[in-house]
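Here's the letter readout for the chains.
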Amino acid sequence: MVFYLRYLRAELLRRKGRTILTLLGLALGVGLVIAISSLSNGLDKAQKATLDPLAGIGTDLTVTRTAEQGGAGGGPFGGGGGSRDLVEANSSVITDLSKLGKPGTQFVHDFFLPGSQLTFAQSQAQGIASLDGVAAVSSGLMLQAVHQEGKVPKIVASIKTGGQQFDVRRTIAPPTEAEQAKIRACLEKNGGAQPQGQGQQPGLGGGQGQGGGGGRAAFAKCLPARMRQFRTTFTTPQQTLQQVLDPPQTNIKSESYTIGGVQTGDPTTGIVTAAQVTRGRYLKAGREALVSVTYASRHSLKVGSKLNLNGTRFTVVGLVNPPLGGQGADVYVPLAQLQALSGQKGLVNVVLVRADDSASVSATQKRIEQKYSQAEVASSKQVADTISGSLVDAANLSRDLGFVLSIVAAAAAFLLAALLALSSVGKRVRELGTLKALGWTQRKVVRQVAGESLAQGVLGGVLGVGVGLLAAVLIDAVGPTLSASSTTGGGSLFGVQEVARTTSRAVSLTAPVGFTILLVGFGLALLGGLLAGAAGALRAARLRPADALRTLE
Amino acid sequence: MSQYELSGVGKAFMRGSAVINAVHDVDLVVEAGEFVAIEGPSGSGKTTLLQLMGALDRPSNGRVVFGGRDLAGLGDSELAELRLRSFGFVFQQFNLIPTLTALENVEAKLAPTGLADAELRERSAALLAEVGLADRATHLPSHLSGGEQQRVAIARALSVEPRVILADEPTGNLDTRTGADIIETLAGLAGQRGTTVIVATHDAGLADRAPRRLAMRDGRLLAPVAA
């Protein structure tokens, strides 16, 4: 080994304290840069998977029909009367407990509500499919479900009324002379019998039984108007009055969840896709269900479990991590099954649209909005904006601070290395002066000092890469969990309180270390070494040998 | 032509606003192979004069001519080359590189000459043997006594077979016996090689060993001291 390298090695090995301090500083700086970058990488990955929910379900746009206050409904994308439909669709379901059986009997029932997303005919999705820029569409039915079980409450009290007869009698003043004359004249004219004479109970009682049918009719006809209805008999109609009682106070347990009807034809596009299946398999058809991981955990469900929805038994064929951003559900069943269960045959309330390519997404969105004025079209970014949680916070933090932290860590490492190099040169003035006195040229002295720093940079880089890898492994092992969630609904629409739907996703953070990051980290250490070397060498170069030697006297 | 010809050499330093004339108007001629002692108390300008003669510094005025070349006319790299091949320095503080072994310290002087590594080691080991330190070759300076360190410094100074050895208080940090021993070694080896030796000292005993004694006071060279 040439002398200069032996000298360099001797300087590094025999000034252990300084070397270790410099190496640790560089390694820590580089390790931090690698760890932060890897963490940022991990966050990016988690973000891509979680905060870009539409990409996860193979789509670019979601189309829904949202009711407008006071809207008349209808229109090209309408299914009926807008807000009125929504109110009816939601309220009719809720108030029908009495139909579940006799009060006091046990019931288990799932009520399906469309929530704030109005339904429309499934066939209308084809209208969107025919638009320019649309590559594929898939329909879905997202419903809020309320699972209730308990005893049927006594909601109404029945009270029978009616059936009574009422006899009304009145005393009427006898006919006046003039009236009698008129009656007689009338009877003569109509061929009726004369009254039997004065003193008889006037009028009608005496008339009865005389003269036969024709005489009675003529008599009735000839009576003055005021005497014709002096007696009335009526019977009240029989009816049952039902009175709504106070809200039921039975032991009804109620639990809300969300359910989605999936078009199962294409497992890559839909409100849930095969990509979200974490265990088991995707839906094929028939009475199969997918349940979200969190719902499964809450209800101890696993692949193969049975799920009873209003008497229909579904087999859980897979667990899924549902996409965030509004279209996530706890339970997914084939679309036709949900339509049948909820009485929404032929209806859907969300259409997923895949554009021809990413460049045409915006234009396609505009086209759909123009053609269907009542359609609410959301892009991936708009959906992503509805997502919150610690993952979003961490991702924002990483975006805002990650780069700055990396720079600070690298700068601190450089500064430490440079200061140590300068301090080393300061302490070695006598040594460097001696080298000059021995005949070393300035170039050789500078090269030696810079070489030492560069070697420290290389070693610091190697050590830093090790520290960075170790940090990444530790992060992977600990796997800090971040969450992302999106909430839709929860407001009040036309007097109907909508159930808030919150979909959450726990993301275990990883720190994937790429070769590029390692290379950059190593390069930074090398750069740190060079900078430190340059700083030290500059000071060494300025040393005049006589001055350097004079300092030792 | 004399080896050294100094005429009107002066060196001034600024200390604050005051001008300090460390060396003032020195005229001196030294012939090759001479053993010259420059005596004087501390601060008399001996070290500065030695640095001017060893091309470690440039005079403020006057001329230092070595081997017929005016040092003022040489660039930094030429001065470095001159220091490498023509001069050997021995310092009061020994000035060994603390992280290098005795052998490597000798090699440090030889390395810039471009010798192959093996030859470098061989010559350095031979020189250490000459000063009686063959068995201490792998020791660091901190593990050597003062006398041993100065012997390493002498071996280092002689390694390139310089034309001049410039020794600044070489016995200043040694006891009398070791000092005498060192001067013996230095004078003997230089004599064998015909090397000029210029020693700056305030030790009259050491100066006594030099055939030519000069005295300095307040930066000025006084009349030669009788041997």
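Procedures and definitions
- Residues numbered from 1 in each chain as written.
- Chains lettered and ligands numbered in written order.
- Predicted model: local features only at pLDDT ≥ 70, side-chain atom pairs only at ≥ 80, totals over all residues.
- Helix = DSSP H or I, 4+ residues; strand = E, 2+ residues; numbered from the N terminus.
- Buried ≥ 20, exposed ≤ 12 C-beta atoms within 10 Å, placed from the backbone.
- Contact = placed C-beta atoms within 7 Å.
- Expected span 1.5 Å × (residues − 1).
- Nonpolar A, V, L, I, M, F, W, Y, C, P; charged D, E, K, R; others polar.
- Pairing = 2+ DSSP bridges.
- Axes fitted to C-alpha atoms, helices over the stretch in contact; angles between N-to-C directions.
- Core = buried A, V, L, I, M, F, W, Y, C linked by C-beta atoms within 7 Å.
- pLDDT = per-residue confidence, 0-100.
- Parallel < 35°, antiparallel > 145°, perpendicular 65-115°, else oblique.
- Left-handed = near helix turned anticlockwise from the far one by under 90°.

> For this particular structure, what's the right way to read the overall build of chain B?
In terms of regular secondary structure, chain B is built from seven helices and 10 strands. Counting over 227 residues, chain B shows a buried share of 49%. Taking contacts inside chain B between residues at least 6 apart in sequence as the whole, the part at least 24 apart equals 70%.

> Looking at this structure, how should I read the overall build of chain A?
Within chain A, the secondary structure is distributed over 18 helices and 22 strands. The long-range fraction of contacts in chain A, counting pairs at least 24 apart against all pairs at least 6 apart in sequence, stands at 83%.

> Could you clarify how one ought to interpret helix α16 (residues 442–478) of chain A in this entry?
In an α-helix there are 3.6 residues to a turn, and that puts residues three or four apart on one side. For α16(A), spanning 37 residues, the distance from its first C-alpha to its last is 53 Å, which sits close to the expected 54 Å at 1.5 Å a residue. Residue A:G479 follows α16(A) closely and has a positive phi angle near 55°.

> I keep staring at the interface of chain A and chain B and nothing clicks. Help me out?
Frequently, the measure chosen for interface size is the accessible area removed from exposure when the parts meet. Of the residues lining the interface, 25 residues belong to chain A; the matching set on chain B comes to 25 residues. Mapped onto the side of chain A that touches chain B, the elements with two or more residues apiece are α1 (3–14), α15 (429–438), α16 and α18 (545–550) of chain A. Its residues assigned to classes, the side of chain A that touches chain B shows 13 nonpolar, four polar and eight charged.

> Just to check I follow, could you spell out the sheet that holds strand β9 (residues 212–217) of chain B for this structure?
Neighbouring strands of a sheet are bound in pairs by backbone hydrogen bonds; such pairs are parallel or else antiparallel. Residue and element names in this part refer to chain B. The mixed open sheet is built from six strands, whose spatial order is β6-β7-β8-β3-β9-β10. If you trace the sheet from one side to the other, it starts and ends with β6 (87–90) and β10 (220–221), each paired once. Summarising the sheet, β6 and strand β7 (residues 164–168) pair through four bridges and their orientation is parallel. In the sheet register, F87 faces β7, and the bridge partner there is V164. Against the sheet, helix α1 (residues 46–53) engages β3 (35–39), β7, β8 (196–201) and β9, with an angle of about 155° to β8.

> Where do I start with the nonpolar core in this structure?
One broad trend across soluble globular proteins is that nonpolar side chains are buried collectively. Formed by 118 residues in total, the largest nonpolar core has its most connected members in A:V30, A:A417, B:I165, B:L166 and B:I198. With 12 residues, helix α2 (residues 16–50) of chain A is the single largest residue contributor to this core. In this structure, B:I165 is in contact with B:G88, B:V90, B:A157, B:L186, B:A190, B:T195 and B:V197, ignoring residues within four places of it in sequence. Membership of the second largest hydrophobic core comes to 51 residues, among which are A:F111, A:V272, A:L335 and A:V351.

> Looking at this structure, I do not really get the environment of B:V197. What am I missing?
All names here are of chain B. Position of V197 relative to the elements: it lies in strand β8. A tally of 24 C-beta atoms within 10 Å means that V197 is categorised as buried. Sequence separation between V197 and L186 is 11 residues; the distance between their C-alpha atoms is 8.5 Å. Ignoring any residue separated from it by four or fewer positions in sequence, one finds V197 in contact with F35, I165, A167, L186, A187 and A190.

> Teacher, can you tell me more about the pairing of strand β13 (residues 312–320) of chain A here?
Each regular strand shows side chains that alternate between the opposite faces of the sheet. Residues and elements named next belong to chain A. In this structure, strand β10 (residues 277–280) lies alongside β13, joined through three bridges in antiparallel fashion. Within β13, the residue paired with V277 across the bridge is V320. Where strand β11 (residues 288–292) meets β13, five bridges bridge the pair, whose relative direction is parallel. For S292, the partnering residue across the bridge sits in β13 and is V320. By the bridge criterion, four bridges tie strand β12 (residues 306–309) to β13 in an arrangement that is antiparallel. For L309, the partnering residue across the bridge sits in β13 and is T312. The loop that links β12 with its antiparallel partner β13 comprises two residues; one of these, N310, has a positive phi angle of about 50°.

> Help me understand the sheet that holds strand β5 (residues 69–70) of chain B in this model?
All names here are of chain B. Overall, antiparallel pairing links the four strands, which are arranged β2-β1-β4-β5 in an open sheet. Every other strand in the sheet has two partners, leaving β2 (18–30) and β5 as the edge strands with one partner each. Inspection of the sheet shows strand β1 (residues 4–15) paired to strand β4 (residues 61–66) by five bridges, in the antiparallel sense. Its bridge partner being in β4, Y4 is matched across the sheet by F66.

> Is there a simple way to think about the pairing of strand β16 (residues 350–355) of chain A in this case?
Residue and element names in this part refer to chain A. Summarising burial for β16: six of the six residues are buried, a large majority. Burial along β16 is two-sided: V350, L352 and R354 facing one way and V351, V353 and A355 facing the other are all buried. With four bridges joining them, strand β1 (residues 61–65) and β16 adopt antiparallel strand pairing. In the strand pairing of β16, L61 is matched with V353. Where strand β4 (residues 134–151) lies against β16, six bridges are found, and the strand directions are antiparallel. In the sheet register, V137 faces β16, and the bridge partner there is V353.

> Help me understand the confidence of the model for chain A in this model?
All names here are of chain A. Confidence in the prediction for chain A averages 76 pLDDT; 74% of positions are at 70 or higher. Between residues 69–75, whose pLDDT stays under 50, and residues either more than four places distant or in other chains, the model counts 14 contacts. The model gives residues 197–212 a pLDDT under 50, and that stretch makes 17 contacts with residues more than four places away or in other chains.

> Mind showing me how you'd approach the packing of α1(A) against α16(A) here?
A pair of packed helices is characterised by two quantities: the angle between their axes and the separation of those axes. Residues and elements named next belong to chain A. Where α1 meets α16, the closest approach of the two axes is 10 Å, and the angle between their N-to-C directions is 60°. By the angle between their axes, α1 is oblique relative to α16. Crossing of α1 against α16: the hand is right-handed. In contact with Y4, Y7, L8, E11 and L12 of α1, α16 contributes Q448, G451, E452, A455 and Q456.

> I'm lost on the environment of B:V19 in this one. Help?
Residues and elements named next belong to chain B. The topology assignment puts V19 in strand β2. Residue classification places V19 among the exposed positions, given that 10 C-beta atoms sit within 10 Å. Apart from the residues lying within four places of it in its own chain, the contact partners of V19 are A12 and M14.

> Help me understand unusual backbone geometry in this model?
Trans is the common state for peptide bonds, and a negative phi is the common state for residues other than glycine. All names here are of chain B. For D25, which is not glycine, the phi torsion reads 50° and is therefore positive. Inspection of the secondary structure puts D25 in strand β2. Although it is not a glycine, F94 adopts a positive phi angle of roughly 70°. By secondary structure assignment, the location of F94 is in the loop between β6 and α3 (102–110). Residue classification places F94 among the buried residues on the basis of 23 C-beta atoms within 10 Å.

> Whenever I open this one, the environment of B:A153 confuses me. Can you help?
Structurally, B:A153 is set in helix α5 (residues 146–158). In this structure, the C-alpha to C-alpha distance between B:A153 and B:F89, residues 64 residues apart in sequence, is 7.9 Å.

> Mind showing me how you'd approach the packing of α16(A) against helix α17 (residues 515–542) of chain A here?
Residues and elements named next belong to chain A. Relative orientation of the contacting elements α16 and α17 amounts to 155°, with a least axis distance of 7 Å. One finds that α16 runs roughly antiparallel with respect to α17. Crossing of α16 against α17: the hand is right-handed. Partitioning the contact of α16 with α17 into residue classes produces 17 nonpolar, 13 polar and no charged.

> Explanation requested: the confidence of the model for chain B in the structure shown.
Any residue range with low pLDDT should be treated as having predicted coordinates unsuitable for detailed reading. All names here are of chain B. On average, residues of chain B score 90 in pLDDT, and 98% of them are at 70 or above. When pLDDT is averaged over each helix and strand of chain B, the minimum, 81, is found for helix α7 (residues 204–207) and the maximum, 95, for α3. This complex was scored by the predictor with a pTM of 0.59 and an ipTM of 0.92.

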